Amino acid sequence: MRFSRVTVPTLKEKPAEAEISSHELLLRAGMMRGVAAGIYSMLPLGALALRRVEDVVRREMNDAGAVEVVLPSLHPADLWIESGRWNEYGPEMMRLSDRQGREFCLGPTAEELITDIVARTAPSYRDLPVNLYQIQTKFRDETRPRFGLLRGREFRMKDAYSFHSDEGDLDRTYERMRLVYSSIARGCSLDVRVVEAVTGLIGGDVSHEFMVVSDIGEDVLVYCGDCEYGANAELESHAPGHTFGGDESGSAEEVHTPGLVSVEEVASFMGVGPALVMKCVIYVTAEEVVAVFVPGYREVSEAKLARVLGTDEFHPMREDERARFPAVTAGFTGPVGLEGVRMVFDREITGARGLVCGANRPDYHLRGVEEGRDFSAEPAFDVAAVVQGDTCVRCGGGLEIARGIEIGHIFKLGVKYSESLGANFTDRDGKVKPMIMGTYGIGTSRILATVVEQHHDDGGIKWPVSVAPLPVELIVIKPGRPEQAEAADELTRGLAGRGMEVLVDDREVSPGVKFNDADLVGLPLQVVVGKKLDSDGTVDLKTRYTGERRAVPVELAVEEIERALEEAP
RNA sequence: CGGGGUGUAGCGCAGCCAGGUUAGCGCGCGUGCUUUGGGAGCACGAGGUCGGCGGUUCGAAUCCGCCCACCCCGACCA
């Protein structure tokens, strides 16, 4: 592959639209181009890199006994109506209709299609399990596409679906997929953490996400430093601390706290820490007002609250809604004597004494409040977000909090789709039962971006060998000189003979341009054919990852390159 | 959807507030000469619906209105 003949439009300057490294570098290295918000064209080198990632995925899936299929991107509406997700998915789904007015969508995922296919085979327990997967372009009309390939509206994903005759069999495949996903991440040189996750629109009871820890990650995850526990912060459960509350007091007393609303203001006015102040956040749902109480040093977790309330249709009370709910005293709401409002307490409040909270009267707080005496926190829930220093529910170890990029997500679906779509099998006992399903997604274009995010420096990308678009870039300093051109040709042939394809920079530009572009594009190994060829018959060999560079005799170059590639990350 | 920002040559930007000749700069691109191991120099040159539509004005990149696109924060989502 010759640089001069391949479209690799490298950019010297950072494109204005790029905010994070992977976005910037994929654009600057001439690997992709933006087309519209969240939609990208992959140029030759980007397309190769994406293919490498997908090859890793394909190999691992095949090894695990899954079988590849190719499904359409265009799905008829009726399947989605049958499963109930035509409405559930909402504006996130790209919809369109054909010339007859029949409705379709561009598939955001493929449970409906695949379940329908398997259902039509009317299998018996003898035919199960099956595990089918595809690597396809998916469409989700994200409310806010961003970060280049990390959150696009059109993106590449491998999705697999397994069908079982009993739970135990699903469990086995699920475990297998869990291992496969970790191994895919390793194969792409990504450190991944497996965390418990919420199932969202896909449904099911149990799910795990595969997270790459990164500051630019859009998720927050929690994991234990001492045991295997890990969870998305939306689901996380920390051990309740015993740090909330203070000493016993004779009785609660009112304190004048003019204009003091925030926990910090009230705490410092009272001369106490936030561990004594009970925070109250007012939410409004379609039916009611909910006062949520958490310790002053915590935030309400809206994801947890959604599970307590059984709906995610709520929002913090807005200024303009205050008039409708006179019982709520903005900034001074407390649980003592509060009427006409649903109260939700965090479990850390149970048994707490000596608390400071709103007095349900403007400009007044109460102090010395005691749960059980002055108000009841029954029933209490886990509705507070984790904070640094919380301990693990499993082993009591210290919890770590980090941001993460979700590269994969696996679900035990159960019978959600097989029931709604009539995907049944005949069991050993002759009875017809719904198949038990699992679904396993991994974002290949997102992995590509994540790899760049994790493997780069100021000069550009540092592709790990396993997913590099090509293994070697051959820089010919003066392609016009016959000796150099011939040596380059010979090296290219020699490497091709051993299965190593080469990007040859044969452009008539100054050496600095080629060196910089080579670092930017970031192929694992650079071979420089230049003046040393004339002077002492050597070429330079540079490992992009380490920056290490050495001269090797040209006749040994092919073996040396092969060896260096085996050693490179 | 709420808030903020930006649209001027392939890319990065200035000009706009205080309207006024052929709309500039850097990079990139073309030609020629010189250069050639870490983004070369000189000379000449090509390249623009100033996001779109409408308005104000003798005159609009510049002022006003509407629309569109892109980016950021949030809400949302997986």
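Residues numbered from 1 in each chain as written. Chains lettered and ligands numbered in written order. Predicted model: local features only at pLDDT ≥ 70, side-chain atom pairs only at ≥ 80, totals over all residues. Heavy atoms only, no water.

A closer look at the nonpolar core
- Residues M61, Y181, I184, C188, I447 and W463 are the most contacted members of the largest nonpolar core, which totals 57 residues.
- Ranked by the residues each element gives to this core, the list is headed by helix α2 (residues 44-63), at eight residues.
- Look past the residues within four positions of I447 in its chain and what remains in contact with it is V53, I184, C188, L190, I407 and I442.
- Residues L71, A110, Y125 and M437 belong to the second largest nonpolar core, which totals 27 residues. (Core = buried A, V, L, I, M, F, W, Y, C linked by side-chain atoms within 4.5 Å. Buried < 20%, exposed > 50% of the residue type's maximum accessible area, 1.4 Å probe, protein only. Helix = DSSP H or I, 4+ residues; strand = E, 2+ residues; numbered from the N terminus. Contact = heavy atoms within 4.5 Å.)

Details of the sheet that holds strand β17 (residues 314-316)
- Taken in spatial order, the five strands line up as β17-β15-β16-β18-β21 in an open sheet, and their pairing is mixed. Every other strand in the sheet has two partners, leaving β17 and β21 (380-381) as the edge strands with one partner each. (Pairing = 2+ DSSP bridges.)

A closer look at the side chain of D427
- Residue position: D427 is located in the loop between β24 (424-426) and β25 (432-434).
- When near neighbours in sequence (up to four residues on either side) are disregarded, D427 contacts Y125 and K433.

Description of empty space enclosed by the protein
- Following the criterion strictly, the structure yields two cavities of 30 Å³ or more and no others.
- The computed volume of the largest cavity comes to approximately 60 Å³.
- Surrounding the largest cavity, L150, R151, I216, G217, E218, D219, G404, I405, E406 and R446 form its lining.
- Per-element tally for the lining of the largest cavity: the top contributor is strand β23 (residues 399-414), with three residues.
- Of the residues contributing to the lining of the largest cavity, the split by class is three nonpolar, two polar and five charged.
- Considering only enclosed or pocket space, the second largest cavity measures out at about 30 Å³ in volume.
- Surrounding the second largest cavity, P72, S73, H75, G107, T109, A110, Q134, Q136, T137 and K138 form its lining.
- Tallying contributions element by element places strand β7 (residues 130-139) first for the lining of the second largest cavity, with four residues.
- Its residues assigned to classes, the lining of the second largest cavity comprises two nonpolar, seven polar and one charged. (1 Å grid on protein atoms, 1.4 Å probe; cavity = no way out; pocket = protein on both sides within 12 Å on 5 of 7 lines; lining within 4 Å. Points joined across faces, edges and corners; volume = space filled by probe spheres on them. Nonpolar A, V, L, I, M, F, W, Y, C, P; charged D, E, K, R; others polar.)

Section: the layout of surface pockets
- Taken as a whole, the largest pocket encloses approximately 1500 Å³ of empty space.
- Lining the largest pocket are 49 residues, and of these G200, L201, E209, E406 and H409 sit closest to its centre.
- Of all the elements in the fold, those that place two or more residues in the lining of the largest pocket are β8 (154-164), β11 (219-224), α8 (302-309), β23, β26 (436-443) and α10 (444-454).
- Shared between two domains, the lining of the largest pocket holds at least three residues of each, these being domain 1 (3-236 + 401-452) and domain 2 (253-381). (Domains from an automatic or database assignment.)

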